[in-house]
Amino acid sequence: MATISKSIQGGEFLIRDTEAQDIFIPEEFTEEQRMMAQACQDFIDTEIEPRVEEIDSMKNPDLVPSIFKKAGDLGLLGITVPEEYGGLGMSFNTSMLIADIIGAAGSFSTTYGAHTGIGTLPILYYGTEEQKQKYLPKLAVGEWAACYCLTEPDAGSDANSGKTKATLSADGKHYLINGQKMWISNAGFADLFIVFAKIEEDKNLTAFIVEKTFGGITMNEEEKKLGIKGSSTRQVFFNDCPVPVENMLSERGNGFKIAVNILNIGRVKLGAGVLGGVRGVTSLSIKYSTDRKQFGVSINTFGAIKSKLAEMATKIFATESLCYRAGQDIEDRMGALAAEGLPDAEAKLKALEQFAIECAIAKVHGSEVLDYVVDQGVQIYGGMGYSADAPMERAYRDARISRIYEGTNEINRMLMVGMVLKRAMKGEINLFEPAMAVASELTSVPSFESIDASELFAVEKDILKKLKKVFLMVGGKAAMALQDRIEDEQEIMMNLADVMIEIYAAESAILRAEKIAMKNGEDSAKNQIAMAKIYLYEATDKIEAAAKEAIVSFAKGDEQKVLLMGLKRFTKPDFINVKELRRQVADYMIAQGKYPF
Ligand SMILES: Cc1cc2nc3c(=O)[nH]c(=O)nc-3n(C[C@H](O)[C@H](O)[C@H](O)COP(=O)(O)OP(=O)(O)OC[C@H]3O[C@@H](n4cnc5c(N)ncnc54)[C@H](O)[C@@H]3O)c2cc1C
């Protein structure tokens, strides 16, 4: 178990180098974790896969609830719920692994995520002992289904502005909830609603545990959606819904904090939750491109198709690497805080809060890789990609929601930069010293340290160090130039977010490939090494473009010139033959007939 002093702090990847042995990689999951993942895969193969059409048609209202109950029987709904409350009490990164596998379940992955994440966790982390005893055993086995009612017609991204009210009854025994919630996943069959409402004229929301049988709850028909059609999404109306006062969750006015902290978990799990889907789409694309012949040959003999397949794999490899790295860092921090004497729930929440930056990165990276992969999947299928009779059409539609919920990607981008700057101001991350060092480096003569290029990833790590300098240079200067106004310069915030995301993803991919090479030898890891190199090559370009845009947006005259020169110095790629590396990766995948990493 990592100790706090040694382990990396959330957001510190921007200023600290990490060694390969200090990150967790998915290749290190234990036999027990793999068995759980296999049970989950078997569940998808038997319960979901044969009924995908039926699930999405929503013609049989009992189908999804019955599949949900089967997931409960297998223990899949109580992965992180402690055994004393009827769950399996497994670790945080195991729950990431299960979210990953369930990601291949289309609509059901939203049903699953809404119940096990935002539906159950508020009680697990904020409930009183009585509330936990009363509700968690039912939720952990799927006897009850949960949903989470935060969004309202006029309160989406601005979630704390909701109008739903909770008024204390004359006898002081109940809160009467009145208001309208929108886009509520699982609402159609939920037994328990986590509801956010304001008491009197409070500034902040308060959370309540609401049982369906309390009364006063009505709902609209199912929303007609672009994708995830088999997941229930409804508007929910609360009309004098009486909630016993003891069903308040945590304290009055603490609801927004609960919502934010629970969303941190949702975000990092959404990153992992795309993985099952993208691996499936890539494997299907490999198979289709082998079977589909044009000009007398399989279409995956063409370089244009190979490059797509390799690109899909490279991006997936990076998402996997960063999600499980973040997941384990969070888990280790949870353990370290608990070992320091913090109560279990508090330790977990604090750890998640500390890694909120990485959670937001996982959400944005994962959801954008998902959209990239399904888009290329459609393209590889050609006309068949556009047909509802082939699997890509549904994957393409289902994917699109991920950039919208759990906080839109715009909101998450702004959050991650805002958090880094705030932590730097508070002195929690020492950003300013390294930023000053980079600033003085800009006006000094560049040093030409020689790098031992024969050492695996020596060149790449040197590039990575420089990319971190780009963030420090641009972020530092932008923060100084704009001060408090930086939050209003959203375009620059988005540029900085892109720089952060690419640094974290590239570093995670490199460290994972290095760790695999350390364990199995460089030759066995040659495709992972190739993907890490390709990823960094592309990330360098993206970082340069984003940073350039930021610089010309806030700096003028000589300062702009100095910054642009610095940028050029810090974003020199290693001119590797990406075409050949992509061909190598694609040929390996084609030979394996699936995404094999
Ligand atoms: C299928 C589905 C399931 C869902 N499930 C749930 C659920 O179970 N429970 C629940 O509570 N909610 C749920 N939601 C709601 C979801 O979380 C919201 O849709 C999401 O937070 C965005 O809010 P909004 O739709 O009001 O968009 P808006 O907030 O109106 O955003 C519209 C656009 O404006 C941008 N924007 C908004 N504010 C800013 C800003 N300050 N700066 C820059 N850009 C901004 C957004 O990024 C977006 O591009 C679900 C939504 C869908 C579609």
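Residues numbered from 1 in each chain as written. Predicted model: local features only at pLDDT ≥ 70, side-chain atom pairs only at ≥ 80, totals over all residues. Heavy atoms only, no water.

In the annotation of an unreviewed UniProt entry, the protein chain is listed under the name Alkylation response protein AidB-like acyl-CoA dehydrogenase and assigned to Algoriphagus aquaeductus. UniProt's Catalytic activity (unreviewed entry) comment on the protein chain is quoted here verbatim: "a 2,3-saturated acyl-CoA + A = a 2,3-dehydroacyl-CoA + AH2". The UniProt entry for the protein chain carries the following comment under Sequence similarities (unreviewed entry): "Belongs to the acyl-CoA dehydrogenase family." (UniProt positions renumbered as here; feature names shortened; annotations may be inferred.)

## Concerning the side chain of Glu12
Counting through the fold element by element, Glu12 comes out in the segment before α1 (31–48). Every residue in contact with Glu12, bar those within four places of it in the chain, is listed here: Glu358 and Ile429. (Helix = DSSP H or I, 4+ residues; strand = E, 2+ residues; numbered from the N terminus. Contact = heavy atoms within 4.5 Å.)

## Notes on the packing of aromatic side chains
What the rule picks out here adds up to 13 aromatic pairs. For the ring pair Phe13 and Tyr504, a centre distance of 4.6 Å and an interplane angle of 50 degrees mean the geometry is tilted. Taken together, the residues span a long stretch of sequence, with Phe13 in the segment before α1 and Tyr504 in helix α17 (residues 490–520) at a distance of 491 residues. For the pair formed by Phe13 and Tyr504, the shared burial category is buried. With centroids separated by 5.1 Å and ring planes inclined at 70 degrees, the aromatic side chains of Tyr148 and Phe196 adopt a geometry described as edge-to-face. Here Tyr148 is found in strand β1 (residues 146–149), whereas its partner Phe196 is found in strand β4 (residues 192–199), with 48 residues between them in sequence. A single burial state applies to Tyr148 and to Phe196, both of which are buried. An aromatic cluster is defined as three or more aromatic residues linked by ring pairs; in this entry it consists of Phe24, Phe29 and Tyr324. Cation over ring: Lys138 sits above Trp144, and NZ or CZ is 5.1 Å from the ring centre. Lying over the aromatic face of Tyr372, Lys315 brings its terminal NZ or CZ to 4.4 Å of the ring centre. (Phe/Tyr/Trp six-rings, centres within 6.5 Å; stacked < 30°, edge-to-face > 60°. Buried < 20%, exposed > 50% of the residue type's maximum accessible area, 1.4 Å probe, protein only. Lys NZ or Arg CZ within 6 Å of the ring centre and 35° of its normal.)

## Focus: the pattern of salt bridges
As enumerated under the stated definition, the model contains 38 salt bridges in all. As a salt-bridge pair, Asp56 and Arg394 come within 3.1 Å of each other at their nearest N and O atoms. Residue Asp56 is found in helix α2 (residues 52–57), and its partner Arg394 is found in helix α13 (residues 391–399); the two are separated by 338 residues along the sequence. Take Asp56: its relative accessible area is 12%, and that puts it in the buried class. (Salt bridge = Lys/Arg side-chain N within 4 Å of Asp/Glu carboxyl O.)

## Looking at the domain arrangement of the protein chain
Segmentation of the protein chain into domains returns domain 1 (28–145), domain 2 (147–255), domain 3 (257–410) and domain 4 (431–592). Across the contact, 26 residues belong to domain 3 and 24 residues belong to domain 4. Carbon and sulfur atoms make up 71% of the area that domain 3 and domain 4 hide from each other, which totals about 2300 Å². Sorting the residues of domain 3 by area buried against domain 4 places Lys306, Phe317 and Arg325 first, and these three jointly supply 27% of that buried surface. Our count for the domain 3 to domain 4 interface comes out at five salt bridges. Of the charged contacts in the structure, one is a salt bridge between Lys306 and Asp587, with a shortest N-O distance of 2.8 Å. Where domain 3 packs against domain 4, one counts eight residue pairs in polar contact (both at pLDDT 80 or more). (Domains from an automatic or database assignment. Buried area = accessible area lost by both parts, 1.4 Å probe. Polar contact = N/O pair within 3.5 Å; in protein donor to acceptor, adjacent residues only side chain to side chain.)

## Quick look at the side chain of Asn247
Mapped onto the fold, Asn247 is located in the loop between β7 (233–244) and β8 (248–249). Taking the relative accessible area as the measure of exposure, Asn247 reaches 4% and is therefore buried. At 2.9 Å, the side chain of Asn247 and the side chain of Tyr135 are in polar contact. In this structure the side chain of Asn247 is engaged in a polar contact, spanning 2.8 Å, whose partner is the backbone oxygen of Ile209. Dropping the residues within four chain positions of it, Asn247 is found in contact with Gln131, Tyr135, Ala207, Phe208, Ile209 and Phe214.

## Some remarks on the pairing of β7
Inspection of the sheet shows strand β3 (residues 174–185) paired to β7 by nine bridges, in the antiparallel sense. Across the sheet, residue Leu176 finds its bridge partner in β7, namely Pro242. With three bridges connecting them, strand β6 (residues 217–219) and β7 associate as antiparallel partners. Among the inter-strand pairings, Thr218 is bridged to a residue of β7, identified as Phe237. (Pairing = 2+ DSSP bridges.)

## Focus: the layout of surface pockets
Approximately 780 Å³ is the volume found for the second largest pocket. In terms of lining, the second largest pocket is formed by 24 residues, of which the most central are Glu449, Ile451, Asp462, Ile463 and Lys466. Sorting the residues of the lining of the second largest pocket by element identifies α16 (458–482), α17 and α19 (557–570) as the ones contributing at least two each. For the lining of the second largest pocket, the leading source of residues is α16, giving eight residues. (1 Å grid on protein atoms, 1.4 Å probe; cavity = no way out; pocket = protein on both sides within 12 Å on 5 of 7 lines; lining within 4 Å. Points joined across faces, edges and corners; volume = space filled by probe spheres on them.)

## Observations concerning the UniProt feature "domain: Acyl-CoA dehydrogenase/oxidase N-terminal" (unreviewed entry) in the protein chain
UniProt marks residues 30–143 with the feature "domain: Acyl-CoA dehydrogenase/oxidase N-terminal" (unreviewed entry), using the numbering shown here. Span residues 30–143 is 68% helix and 0% strand, its end C-alpha atoms 30 Å apart.

## Considering the environment of Leu536
Turning to its location among the elements, Leu536 is positioned in helix α18 (residues 526–554). For the pair Leu536 and Ile286, spaced 250 residues apart in the sequence, the C-alpha separation amounts to 24 Å. With sequence-adjacent residues up to four places away left out, Leu536 is seen in contact with Glu460, Ile463, Leu464, Leu467, Ala506 and Ile510.

## Re the packing of helix α11 (residues 344–354) against helix α12 (residues 356–381)
At a minimum axis separation of 4 Å, α11 and α12 run at an interaxial angle of 65 degrees. Judged by the inter-axis angle, α11 sits roughly perpendicular to α12. The segment α11 lies against α12, with Leu352, Glu353 and Gln354 engaging Ala356, Glu358 and Cys359. Looking at the contact of α11 with α12, its residues break down into three nonpolar, one polar and two charged. (Axes fitted to C-alpha atoms, helices over the stretch in contact; angles between N-to-C directions. Parallel < 35°, antiparallel > 145°, perpendicular 65-115°, else oblique. Nonpolar A, V, L, I, M, F, W, Y, C, P; charged D, E, K, R; others polar.)

## Here's the deal with the confidence of the model for the protein chain
Low pLDDT marks regions whose predicted coordinates should not be analysed in detail. In the predicted model, the protein chain carries a mean pLDDT of 95, and the fraction of residues at 70 or more is 99%. Counted against residues more than four places away or in other chains, residues 1–5, with its pLDDT under 50, gives 11 contacts. (pLDDT = per-residue confidence, 0-100.)

## Describing the pairing of β4
A regular strand places its side chains on the two faces of the sheet in alternate fashion. Among the eight residues in β4, eight count as buried, and that is most of the element. Alternating residues of β4 divide into Leu192, Ile194, Phe196 and Lys198 and Phe193, Val195, Ala197 and Ile199, and every residue in both groups is buried. Bridge analysis of β1 against β4 gives four bridges, and the strand direction is parallel. Bridge pairing in β4 places Cys147 opposite Phe193.

## Overview of the UniProt feature "domain: Acyl-CoA oxidase/dehydrogenase middle" (unreviewed entry) in the protein chain
This chain's UniProt record puts "domain: Acyl-CoA oxidase/dehydrogenase middle" (unreviewed entry) on residues 147–241. Between the end C-alpha atoms of residues 147–241 there is a gap of 16 Å, over a span that is 0% helix and 47% strand.

## What about the nonpolar core?
Counting 207 residues, the largest nonpolar core has Phe108, Tyr125, Phe193, Phe208, Val210, Phe238 and Met416 as its most contacted members. When residues of this core are assigned to their parent elements, the largest contribution, 17 residues, is made by α17. Ignoring sequence-local partners within four residues, the contact set of Phe208 consists of Ala166, Tyr175, Ile177, Phe193, Ile194, Val195, Ala197, Ile199, Val243, Asn247, Met248 and Leu249. (Core = buried A, V, L, I, M, F, W, Y, C linked by side-chain atoms within 4.5 Å.)

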